[in-house]
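# Structural overview
Chain residues, written in single-letter form:
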Amino acid sequence: MTSQTRALQFVKSYLKILEDLGRSDGALAPFVDALRRVDETPGDNLTGVLDHPLMPLLEGALAAAKGPQELIETIIDLAGEGGFHQVYEGEGINATQADYMVEKQIVGPKGRLSNQKLGSGIFFLAPNFEYPMHNHAGLEIYYVHSGVMHVQNGVDAKPRRVGPGDYSVTPSNVPHALYIGDAPVVILYAWTGDMESPIYWWIEEEDGSWTKIVA
Ligand SMILES: [Fe+2]
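As the structure is a computational prediction, the values presented were derived from the model and not from experiment.

Counting its regular elements, the protein chain contains five helices and twelve strands. In terms of C-alpha radius of gyration, the protein chain reaches 16 Å, essentially the compact-globule figure of 17 Å for 215 residues. Residue burial in the protein chain is summarised as follows: out of 215 residues, 36% are buried. Considering only residue pairs separated by 6 or more positions, the protein chain has 68% of its internal contacts joining residues 24 or more positions apart.

Spelled out as structure tokens, the structure:
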């Protein structure tokens, strides 16, 4: 199977999951629409093996994934192609936190399939990590493939548990944070809508107020 065939297989499997889940949740419609429009235009397709402290945990996390067997195998094959990179290099987030997240884009400018309206791929987060509160104009869906996390949408909201097969949609500009459990988490993400606007990080002050800084 070629790399492009695998990427298209990912789109097909992921679309099927979001179509099924979307029958009872209209918030998934923008992601379903964008996935349906993915074509075969090649992107830059980052490759290469990332030398990163998180990468040795990936194989076990992928083996622990739950869901359709075809999707599990496609994700293992795509991960085996390499092309992971660190999500942040320290812009507005401290360098230690930046070390706890890597991703491989499958659809989008750095993916195998180019797209201007959608970014989608594999997002891998370290155990016991807190992805700090931030917001952005783009719409985001996190579908959990392996591991358990809690997602907080809104600074005063109660974090909600999201395990394999479950997902969280973050609407435009709602501040959100992720809390990873004892096992690393593999997320299949999609990102659409306004993808150009900046990310703002939210820092909680000692008096409980929040300061927002642009990345
Ligand atoms: Fe986000």
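One can describe the packing of helix 1 (residues 3-22) onto helix 2 (residues 29-36) by two numbers: an axis separation of 9 Å at closest approach and a directional angle of 150 degrees. Judged on the interaxial angle alone, helix 2 and helix 1 are roughly antiparallel. The hand of the helix 1/helix 2 crossing is left-handed. Packed against helix 1, whose contacting residues are Val11, Tyr14, Leu15, Leu18, Glu19 and Gly22, the element helix 2 presents Ala29, Phe31, Val32, Leu35 and Arg36 at the interface. Class assignment of the residues belonging to the contact of helix 1 with helix 2 gives a composition of eight nonpolar, one polar and two charged.

On the basis of which strands lie adjacent, the open sheet formed by six strands has the order 1-2-3-10-5-8 and antiparallel pairing. Single-partner strands in this sheet number two, and they are strand 1 (85-86) and strand 8 (167-170). With seven bridges joining them, strand 5 (residues 139-146) and strand 10 (residues 185-192) adopt antiparallel strand pairing. From the neighbouring strand, Leu139 faces strand 10, where its bridge partner is Thr192. Helix-sheet contacts for helix 1 involve strand 2 (101-107), strand 3 (118-125), strand 5, strand 8 and strand 10, and the interaxial angle to strand 2 is about 100 degrees.

Among the five residues that make up strand 12 (residues 210-214), zero are buried, leaving the element largely open to the surroundings. Note: strand 11 (residues 200-204) against strand 12, five bridges, orientation antiparallel. Opposite Trp202, over in strand 12, you have Lys212 as the bridge partner. As consecutive antiparallel partners, strand 11 and strand 12 are separated by five residues, and within that stretch Gly208 has a phi angle of approximately 90 degrees, a positive value.

So, about the nonpolar core. Leu35, Phe124, Leu125, Ile141 and Ile187 are the most contacted members of the largest nonpolar core, which has 51 residues in total. Excluding residues within four positions of it along the chain, Phe124 makes contact with Leu54, Leu58, Ala61, Val102, Glu103, Pro184 and Val186.

Below, the discussion takes up the sheet that holds strand 7 (residues 160-162). As summarised here, the arrangement of the six strands in space is 7-6-9-4-11-12, forming an open sheet in which the pairing is antiparallel. Looking along the sheet, the strands with just one partner apiece sit at the ends: strand 7 and strand 12. On average, each strand axis in the sheet is inclined to that of its neighbour by 30 degrees, with strand direction left out of account. Note that strand 4 (residues 130-135) and strand 9 (residues 176-180) share three bridges and pair antiparallel. From the neighbouring strand, Tyr131 faces strand 9, where its bridge partner is Leu178.

Conventions and cut-offs
- Residues numbered from 1 in each chain as written.
- Predicted model: local features only at pLDDT ≥ 70, side-chain atom pairs only at ≥ 80, totals over all residues.
- Helix = DSSP H or I, 4+ residues; strand = E, 2+ residues; numbered from the N terminus.
- Rg over C-alpha atoms; globule rule 2.2 N^0.38 Å.
- Buried ≥ 20, exposed ≤ 12 C-beta atoms within 10 Å, placed from the backbone.
- Contact = placed C-beta atoms within 7 Å.
- Axes fitted to C-alpha atoms, helices over the stretch in contact; angles between N-to-C directions.
- Parallel < 35°, antiparallel > 145°, perpendicular 65-115°, else oblique.
- Left-handed = near helix turned anticlockwise from the far one by under 90°.
- Nonpolar A, V, L, I, M, F, W, Y, C, P; charged D, E, K, R; others polar.
- Pairing = 2+ DSSP bridges.
- Core = buried A, V, L, I, M, F, W, Y, C linked by C-beta atoms within 7 Å.

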